[in-house]
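# Examining the three-dimensional arrangement
Next come the chains, spelled out residue by residue.
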Amino acid sequence: GQHYVTHHDYLEYEEEAISGPRILTVFMYLSDVEEGGETRFDYFDDKAMVKPKVGRVVLWPSVLDEDPFAIDERTDHEAMPIISGQKFAANCWFHQRDLTRGRELDC
């Protein structure tokens, strides 16, 4: 199955984009997984893990409240390998500014 190594959703090169960087992630599980496939947040001592379950939604910030250009290091995360079953999920990233405006301006 798929596995995503530890990463962060904030992309520094987007700071200069019209939309600005990603500031918030919404992640929704669309299937149950028999075994594995958890989303793991490495910052926490207990390695906080969210098990895939249909309809479960996880929300996390990419930036700090006091500085929308400062990465919130606590939200480094990874998708654990799927041992049994299939995982279907969807995500939505919120950016600092209007993402569609850049497209309207042909940027």
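For the structure itself, consult the block above.
Because the structure is a prediction, the values reported are computed rather than measured. (Residues numbered from 1 in each chain as written. Predicted model: local features only at pLDDT ≥ 70, side-chain atom pairs only at ≥ 80, totals over all residues. Heavy atoms only, no water.)

With that out of the way, let us pick up the overall build of the protein. Each helix and strand in the protein was counted, giving one helix and 11 strands. The N-to-C order of helical and strand elements in the protein reads β-β-β-β-β-β-β-β-β-β-β-α. Taking the principal axes of its C-alpha atoms as reference, the protein extends roughly 45 × 30 × 20 Å. A total of about 6900 Å² of accessible surface is found on the protein, and carbon and sulfur atoms cover 54% of it. For the protein, the separation between the mean place of its 11 positive charges and that of its 22 negative charges on side chains is 6 Å. (Helix = DSSP H or I, 4+ residues; strand = E, 2+ residues; numbered from the N terminus. Areas by Shrake-Rupley, 256 points an atom, 1.4 Å probe, with all protein chains shown as cover. Lys, Arg positive; Asp, Glu negative; His and termini not counted. Charge placed at Lys NZ, Arg CZ, Asp CG, Glu CD.)

A word on the nonpolar core. Membership of the largest hydrophobic core is limited to six residues, which are Phe-27, Tyr-29, Phe-41, Val-50, Val-58 and Trp-60. The set of elements that each furnish at least two residues to this core consists of strand S2 (22-29) and strand S6 (57-61). Beyond its immediate stretch of four places on either side in the chain, Tyr-29 contacts Thr-39, Val-50, Lys-51, Pro-52, Lys-53, Val-54, Gly-55, Arg-56, Val-58, Lys-87, Phe-88 and Ala-89. (Core = buried A, V, L, I, M, F, W, Y, C linked by side-chain atoms within 4.5 Å. Buried < 20%, exposed > 50% of the residue type's maximum accessible area, 1.4 Å probe, protein only. Contact = heavy atoms within 4.5 Å.)

Here two bridges tie strand S7 (residues 63-64) to strand S8 (residues 67-71), and the two strands are oriented antiparallel to one another. Across the sheet, Val-63 pairs through a bridge with Ile-71, a residue of S8. Counting the residues between successive antiparallel strands, the hairpin from S7 to S8 contains two residues. (Pairing = 2+ DSSP bridges.)

It is worth spelling out the sheet that holds strand S4 (residues 39-41) at this point. The strand order across the open sheet built from four strands is S1-S9-S4-S5, with neighbouring strands paired in antiparallel fashion. Both edges of this open sheet fall to strand S1 (4-7) and strand S5 (49-50), since each of them pairs with a single strand only. One ladder, built from three bridges, connects S4 with strand S9 (residues 77-79); its direction is antiparallel. Each residue of the ladder has a partner; that of Arg-40, found in S9, is Glu-78.

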